[in-house]
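Chain by chain, the residues:
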Amino acid sequence: MFSDTLRGGVDMASAGVRFLYSKYGNNFGLSTFNEEELTEQEKSRNIKNFRDAHVGGLFNEGNTCFINSVIQALASCEPLTDYLAEFEDAGNFSGGLNQIITYLNQIHTKNHGYSTLKLMRQVGQNNRWNRFDQEDAQEFFQMLLNTLEKDRKELDKEQEQTHELDEKQNSQSEQDQQIESESTNEKNEDSNDKHKLITPFDGCFAVRVGCMKCNDMEGIRTGVLSSVDLNLGEGDSSFSLDDLLKTYCAMETISGVECYRCSLLAYRHKLSDQSSAASNDILKSAFTKRIVEVDDVLNKKVIDEVKYKQLKFDGYRVQSDKTKQTMFCKPTPDVLMIHINRSFYDFRTGMARKNFSPVNFPMELDLAPFTVDVNDESNNDASKSMKGSENEHMMYRLRAAVIHYGSANYGHYITFRKYHGFWWRISDDQVTLTTEAQVRNVANVFMLFYEKISSCTEQEKELSEEFVVNDRSPDFSDEEGRFKDESEGEDDEENKDGYHTSASLDDDMETESVHLETSELLSHKDDNDSWGSQPRY
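Thresholds applied
- Residues numbered from 1 in each chain as written.
- Predicted model: local features only at pLDDT ≥ 70, side-chain atom pairs only at ≥ 80, totals over all residues.
- Heavy atoms only, no water.
- Helix = DSSP H or I, 4+ residues; strand = E, 2+ residues; numbered from the N terminus.
- Buried < 20%, exposed > 50% of the residue type's maximum accessible area, 1.4 Å probe, protein only.
- Areas by Shrake-Rupley, 256 points an atom, 1.4 Å probe, with all protein chains shown as cover.
- Salt bridge = Lys/Arg side-chain N within 4 Å of Asp/Glu carboxyl O.
- Patch = residues over 30% accessible without salt bridge, like charges linked within 9 Å, V, L, I, M, F, W, Y side chains within 5 Å.
- Lys, Arg positive; Asp, Glu negative; His and termini not counted.
- Charge placed at Lys NZ, Arg CZ, Asp CG, Glu CD.
- Axes fitted to C-alpha atoms, helices over the stretch in contact; angles between N-to-C directions.
- Parallel < 35°, antiparallel > 145°, perpendicular 65-115°, else oblique.
- Contact = heavy atoms within 4.5 Å.
- Polar contact = N/O pair within 3.5 Å; in protein donor to acceptor, adjacent residues only side chain to side chain.
- Pairing = 2+ DSSP bridges.
- Expected span 1.5 Å × (residues − 1).
- Left-handed = near helix turned anticlockwise from the far one by under 90°.
- Nonpolar A, V, L, I, M, F, W, Y, C, P; charged D, E, K, R; others polar.
- Core = buried A, V, L, I, M, F, W, Y, C linked by side-chain atoms within 4.5 Å.
- Phe/Tyr/Trp six-rings, centres within 6.5 Å; stacked < 30°, edge-to-face > 60°.
- Lys NZ or Arg CZ within 6 Å of the ring centre and 35° of its normal.

Peer 1: Whenever I open this one, the overall build of the protein confuses me. Can you help?
Peer 2: Summing up its helical and strand segments, the protein has 15 helices and 20 strands in all. Counting the 537 residues in the protein, one finds 47% classified as buried. For the protein, the accessible surface area stands at approximately 27600 Å², while carbon and sulfur atoms represent 46% of it.

Here it is as structure tokens:
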């Protein structure tokens, strides 16, 4: 018991040291920019020239680092920012998120920070995220997705109503209406067989459950997922993302599960014996009729659960071993969010604890080995594992990583995110340029954001416009450089959005704009990185 208490104390002390390092290490020069770690690509982009450049930070309004870290990660996901652009003029959460991400993606020669208070108010007055308690970043991410879906459905409903109103105002001929109706019906028929993917995080998964005794399989069922949870458990060894995904997609055996087909086969065998032993034609006819009813259910490829229960033969239920396997299937998400679940229940102490084991993750991830072809008949054998795609690649590139320093009950979140070809380390409003090597070696990774590489041509497209590092910070902050409430700045045109703040922290920092001509800009661009802004079951 003493060893358990000591171990828990060590965890808390370690968490405290990591929190202080993460939060204040940059102020004391503890986080170094090691030029020896630079990759050839980083050197070719003259990364040293951007040491004084800053993307936007987010103020910690009281235990809000879990909010800040997720929003910073989203700011580097181009499919999401493209998706949010449609809500630019909306007064809802999606519109507010679009606005604050736009601010974060401005690059200044001074630190510039923003507040999330107004954005959180747009979720609703009674939401748990306004209580300033320590919360889980992954749970906040799920809430964010739910709110984005809600906003999308409301927008689609408004657009549908507008469309119907336009149709009434612009009366069409009966022929035009008939053509449009036929076209709409065809469209609906095409979409009925597809899952509706709403946000860029939505993709499809496939689940196969089969009996190892009778090989009955209920078919490969598909659905939509918006994130992936990978559990570390209690193990102390190091992990790799590839091995965790293999475990997630591996076939598992579940014992003691009722099998409908095995039960019906056993019931039919009993009915057949009773029919043969029947002493008169009336009994034999009754058993024969019952056998026909059972055969009608058995002859279906998938056992109908309703008809199965209507047969009412409780005494013949058969328990068997079944296999279950979950994999990705097409279409895969534009942005893949992977949650590394480090929490586990310690039975020795009766408390939740955190697994601090390192997880090695790649800069580029091939999802093809974990993506199944649901139309491949070779995957219908429940006794064999489903196979991933072997003849193609589904490449994803890491755009952001959320890190958690601390224990299972408290701590601090920071974000590493890639933007304009460079990696940035962001702890609330503290923003520093960093290197790919530091991202690779970071400990306590909690969430990973991978963006689908659509095509090499698209990712390597050249830019035709000038890139400007803006030296102008918003000038409507208070004397402490913090966010002014809307009521205090109603006369300030730029403060009406409620997000802008100014945090000019380094007086000796350059204030001149840095202009790069197109030819020079291309030398700084990631060869496979797309520029600009960014986009579920």
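Resuming the write-up.
Peer 1: Quick question: what am I supposed to make of the pattern of salt bridges here?
Peer 2: What the rule picks out here adds up to 14 salt bridges. A salt bridge links Arg268 to Asp295; the shortest N-O distance between them is 2.5 Å. In this pair, Arg268 is assigned in helix H10 (residues 260–276) and Asp295 in helix H11 (residues 281–298), connecting sequence segments 27 residues apart. One salt bridge connects Lys452 with Asp334, and the closest N-O pair in it is separated by 4.0 Å. Residue Lys452 is located in strand S18 (residues 445–452), and its partner Asp334 is located in the loop between strand S8 (319–329) and strand S9 (335–341); the two are separated by 118 residues in the primary sequence.

Peer 1: Please explain a negative patch on the surface as it appears in this structure.
Peer 2: A surface patch of negative charge is lined by Asp373, Asp376, Glu377 and Glu390. Structurally, the position occupied by Glu377 is in the loop between strand S13 (364–366) and strand S14 (395–406).

Peer 1: Looking at this model, I keep getting lost on the packing of helix H3 (residues 65–74) against helix H5 (residues 93–104). Mind explaining?
Peer 2: Geometry of a packed helix pair, given as the angle between the helix axes and the separation of the axes. Running from N to C, H3 and H5 cross one another at 75 degrees; their axes reach a closest spacing of 10 Å. Classified by the angle their axes make, H3 and H5 are roughly perpendicular. Residues Ile71, Gln72 and Leu74 of H3 form the contact with H5, whose participating residues are Leu97, Ile100, Ile101 and Leu104.

Peer 1: I'm lost on the side chain of Asp202 in this one. Help?
Peer 2: Note on placement: Asp202 falls in the loop between helix H8 (174–192) and strand S3 (203–211). For Asp202, a relative accessible area of 3% translates into the label buried. Here Ile198 takes part through its backbone nitrogen, which lies 2.7 Å from a polar atom of the side chain of Asp202.

Peer 1: Just to check I follow, could you spell out the sheet that holds S3 for this structure?
Peer 2: In a beta sheet, neighbouring strands pair by backbone hydrogen bonds and run either parallel or antiparallel. Taken in spatial order, the four strands make up an open sheet running S4-S3-S8-S7, and their pairing is antiparallel. Of all the strands in the sheet, just strand S4 (217–225) and strand S7 (252–258) have a single pairing partner and so form its edges. On average, each strand axis in the sheet is inclined to that of its neighbour by 30 degrees, with strand direction left out of account. When S3 meets S4, the two strands line up antiparallel, connected through seven bridges. Counted as the bridge partner of Ala206 is Thr222 from S4.

Peer 1: Is there a simple way to think about unusual backbone geometry in this case?
Peer 2: Among all residues except glycine, the phi angle is most often negative; among peptide bonds, the trans geometry is most common. Following Lys330, the chain continues into Pro331 via a peptide bond in cis, with omega recorded as 0 degrees. Although it is not a glycine, Asn63 sits at a positive phi angle of roughly 60 degrees. Mapped onto the elements, Asn63 comes out in the loop between strand S1 (57–58) and H3. Overall, Asn63 belongs to the partly exposed group, its relative accessible area being 34%. Look at Lys312: it is not a glycine, yet its phi comes out positive at around 50 degrees.

Peer 1: Is there a simple way to think about H10 in this case?
Peer 2: The α-helix winds at 3.6 residues per turn, so residues separated by three or four positions along the chain end up facing the same way. Along its 17 residues, H10 runs 24 Å from first to last C-alpha, staying within 8% of the 24 Å computed at 1.5 Å per residue. For H10, the complete set of buried residues consists of Tyr260, Arg261, Cys262, Ser263, Leu264, Tyr267, Leu271 and Ser275. Taken together, the buried residues of H10 touch S3, S7, H11 and helix H12 (305–310).

Peer 1: Before we go on, may I ask you to explain the environment of Trp423 in this structure?
Peer 2: Along the chain, the position of Trp423 falls in strand S16 (residues 422–427). The spatial distance from the C-alpha of Trp423 to the C-alpha of Leu433 is 6.2 Å, given a sequence separation of 10 residues.

Peer 1: What is the right way to look at the packing of H10 against H11 in this model?
Peer 2: Relative to each other, H10 and H11 sit at 160 degrees, their axes nearing to 9 Å. Of the possible angle classes, the one that applies to H10 and H11 is roughly antiparallel. The handedness of the crossing between H10 and H11 comes out as left-handed. Side by side, H10 and H11 meet where Arg261, Leu264, Leu265, Tyr267, Arg268, Leu271, Ser272, Gln274, Ser275 and Ser276 of the first sit next to Lys284, Phe287, Thr288, Arg290, Ile291, Val294, Asp295, Val297 and Leu298 of the second. Taken together, the residues that form the contact of H10 with H11 break down as nine nonpolar, five polar and five charged.

Peer 1: Got a minute to help me understand the nonpolar core in this structure?
Peer 2: Soluble, globular proteins show a tendency: their nonpolar side chains are buried together. Core analysis: the largest hydrophobic core is formed by 44 residues, its most contacted members being Leu241, Phe361 and Tyr450. For this core, the element with the most residues is S14, which contributes five residues.

Peer 1: Explain the packing of aromatic side chains to me, please; I cannot follow it from the model alone.
Peer 2: Any pair of aromatic rings gets described here by the distance separating the centres and the angle formed by the planes. Across all of its chains, the model carries 12 aromatic pairs by this definition. Plain terms: the ring middles of Phe141 and Phe449 are 5.8 Å apart, the flat faces sit at 80 degrees to each other, and that makes the pair edge-to-face. Remark: Phe449 occurs in strand S18 and Phe141 occurs in helix H7 (residues 137–169); sequence separation between them is 308 residues. Phe449 matches Phe141 in its accessibility class, with the two residues each being buried. Aromatic ring contacts, followed pair by pair, group Tyr260, Tyr267, Tyr308, Phe313 and Tyr316 into a single cluster. In this structure, Arg317 packs its charged tip against the face of Phe313, placed 5.0 Å from the ring centre. When the ring centre of Tyr419 is taken as origin, the NZ or CZ atom of Arg417, which lies over that ring, is 5.3 Å away.

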